[in-house]
Amino acid sequence: MNYYIRLISNKPKEDINEIVEKMGYRNIAPNATSNSGIAHFFTKLMACFFILLRMKRNDRLLIQYPMKKFVTPATLCAHLKGAKVVVLIHDLGCFRRKKLTVAHEMRRMNRIDYIIAHNEKMKQFMQENGCKTPIRCLGIFDYLSPAEPKKAHVSASSKPAIPSVVYAGGLGYSRNPFLYELDALMDGWQLELFGKQFDEERAQGWKHIHFNGLLPPDKLLAEADGDFGLVWDGNSVDECSGDWGEYLRVNNPHKTSFYLRAFMPVIIWKQAALAPFILENKCGIAVDSLRDINSTLAHLTDAEYKEMQENARRVGTLISQGHFTQTALSF
């Protein structure tokens, strides 16, 4: 029997919950009544009890990581019953929030039976830092939604004269200063921003960038209508730097899944861990610097753009079906 622990959480984790339930996984603990710390603590405590009560030899327990200090006791309880533990990583604490040392986190990971990492770069990082547990790669996060993308019934078209690029995510200056330098460098394309913490004062006089507010995920999927989606984070237009930018070297940003689910090809940093996936699937382009977008889009042919649109639709359809999660857990 396959089990998982359901918590009220963010969209990526909620999507995994829904996918594994359709795969026949059973929630092992009572549902959390809210997203509060107290509710989560109670659910985790009850999960340990039910792991000991219900699980049997060769059963499987899926844990979405991070789950703070709960991973170790849950794993110990499952192992006492002869069950296997699979961890699906959303974030590495040592890399993003730096609340754990690399050595500490890898010791935690070495207690697990199987790990699903984001991509080959994350797998390599973990193995080079002492992780001995077998690791599979997700490829890209799935993105579930009942909403229909605006491009759902639009055939592949020629490249527009002035391409529109969507950027969805954190817009605060402290997180993404690059956004507030970009307008002066843009030529022949425009950027549509969706998100929170937008700094209007720093955006005075912009000609090529437009702020569209913060929309719920389903509404954003139904209304976003760009020719590309931009995957970039950090301090600089020349590279993804700073803590958020550097994290792209191992991380699968959820916004990438959103763009493809909306059937938009992707523009991504060439050093990002997801760049090989985008290029191999021919569903976008990779650039070293945001300064390169001007010339890259200018030289993009109609045939190349049509191929990217068709592949974005193909990959986006798989993402909408939970294909990548199901594949990663099929062992």
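Being a predicted model, the structure only gives us computed values, none of them experimental. (Residues numbered from 1 in each chain as written. Predicted model: local features only at pLDDT ≥ 70, side-chain atom pairs only at ≥ 80, totals over all residues. Heavy atoms only, no water.)

**Student:** Can you tell me about the sheet that holds strand β10 (residues 228-231), naming the residues and giving the values?
**Tutor:** Taking strand neighbours across the sheet as the criterion, the 6 strands line up as β9-β8-β7-β10-β11-β12 in an open arrangement whose pairing is parallel. Both edges of this open sheet fall to β9 (209-211) and β12 (284-287), since each of them pairs with a single strand only. Each neighbouring strand pair of the sheet contributes to a mean axis angle of 25°, computed without reference to strand direction. Direction of pairing for strand β7 (residues 164-170) relative to β10: parallel, over a ladder of 2 bridges. Along β10, the bridge assignment pairs Val165 with Phe228. Where helix α9 (residues 254-261) meets the sheet, it contacts β7, β10 and β11 (266-269), and its direction lies at approximately 140° from that of β7. (Pairing = 2+ DSSP bridges. Helix = DSSP H or I, 4+ residues; strand = E, 2+ residues; numbered from the N terminus. Axes fitted to C-alpha atoms, helices over the stretch in contact; angles between N-to-C directions. Contact = heavy atoms within 4.5 Å.)

**Student:** For the state of the cysteines, give the residues involved together with the corresponding values.
**Tutor:** Tallied over the full model, the rule gives 0 disulfides. Cys283 takes part in no disulfide bond, and the closest cysteine sulfur to it belongs to Cys137, at a distance of 17 Å. Look at Cys283 and you get buried, because its relative accessible area is 0%. (Disulfide = S-S within 2.5 Å. Buried < 20%, exposed > 50% of the residue type's maximum accessible area, 1.4 Å probe, protein only.)

**Student:** Tell me about the pattern of salt bridges, and name the residues and values.
**Tutor:** Within the structure shown, the criterion is met by 11 salt bridges. Between Asp225 and Lys151 there is a salt bridge, and its shortest N-O distance comes to 3.5 Å. Of the two residues, Asp225 sits in the loop between α7 (217-223) and β10 while Lys151 sits in the loop between β6 (135-137) and β7, which places them 74 residues apart along the sequence. Accessibility expressed as a relative area gives 15% for Lys151, which makes it buried. The partner of Glu246 in a salt bridge is Arg249, and the shortest N-O contact between them spans 3.0 Å. Among the residues examined, Glu246 registers a relative accessible area of 31% and is labelled partly exposed. Given the relative accessible area of 29%, Arg249 is considered partly exposed. Several salt bridges converge on common partners, so that one network encompasses Arg6, Glu14 and Glu21. (Salt bridge = Lys/Arg side-chain N within 4 Å of Asp/Glu carboxyl O.)

**Student:** Any details on the sheet that holds β6? Residues and values, ideally.
**Tutor:** Pairing within the open sheet is parallel, and its 6 strands lie in the order β2-β1-β3-β4-β5-β6. Bordering the open sheet on either side are β2 (26-27) and β6, each of which pairs with just one other strand. Sitting on the sheet, helix α3 (residues 71-80) is in contact with β3 (60-65) and β4 (84-89), with an inclination near 175° to β3. Along the sheet, helix α4 (residues 102-109) contacts β3, β4 and β5 (114-117); its crossing angle with β3, the most-contacted strand, is approximately 160°.

**Student:** Just give me the short version of α9, but keep the residues and values in it.
**Tutor:** In terms of burial, α9 is largely enclosed, as 8 of its 8 residues are buried. Burial in α9 covers these residues: His254, Lys255, Thr256, Ser257, Phe258, Tyr259, Leu260 and Arg261. Looking at the residues trailing α9, positive phi occurs at Phe263, about 65°.

**Student:** Kindly report on the pairing of β3, identifying the contributing residues and their values.
**Tutor:** The buried fraction of β3 is high, at 6 of 6 residues. Residues Arg60, Leu62 and Gln64 point to one face of β3 and Leu61, Ile63 and Tyr65 to the other, with burial holding for every one of them. Pairing of strand β1 (residues 2-4) with β3, which is carried by 3 bridges, proceeds in the parallel orientation. Residue pairing for β3: Tyr4 is matched across the bridge by Leu62. Summarising the sheet, β3 and β4 pair through 6 bridges and their orientation is parallel. What sits directly across from Ile63, in β4, is Val87. The parallel pair β3 and β4 is bridged by α3, and the resulting crossover is right-handed. (Right-handed = clockwise from strand over helix to strand, strands pointing away.)

**Student:** Requested: an account of the layout of surface pockets, with residues and values cited.
**Tutor:** Computed from the structure, the second largest pocket encloses a volume of approximately 170 Å³. In terms of lining, the second largest pocket is formed by His118, Asn119, Glu120, Lys121, Cys137, Gly139, Ala273, Leu274, Pro276, Phe277 and Glu280. Going through the elements one at a time, α5 (120-128) and α10 (275-280) are the ones with two or more residues in the lining of the second largest pocket. With 3 residues, the single largest contributor to the lining of the second largest pocket is α10. A per-class count over the lining of the second largest pocket returns 5 nonpolar, 3 polar and 3 charged. (1 Å grid on protein atoms, 1.4 Å probe; cavity = no way out; pocket = protein on both sides within 12 Å on 5 of 7 lines; lining within 4 Å. Points joined across faces, edges and corners; volume = space filled by probe spheres on them. Nonpolar A, V, L, I, M, F, W, Y, C, P; charged D, E, K, R; others polar.)

**Student:** Provide a residue-level description of the nonpolar core, including the pertinent values.
**Tutor:** One broad rule of soluble globular proteins: the nonpolar side chains tend to lie buried together. In this structure, Leu191 and Leu230 are the most contacted members of the largest nonpolar core, which totals 72 residues. Ranked by residue count, the leading element in this core is helix α12 (residues 302-320), at 5 residues. Not counting chain neighbours up to four residues away, the residues in contact with Leu230 comprise Val165, Val166, Tyr167, Phe178, Leu191, Lys255, Tyr259, Ile267, Leu290 and Ile293. Counting residues in each nonpolar core, the second largest holds 39 residues, with Ile28, Ala29, Met55 and Ile112 among its members. (Core = buried A, V, L, I, M, F, W, Y, C linked by side-chain atoms within 4.5 Å.)

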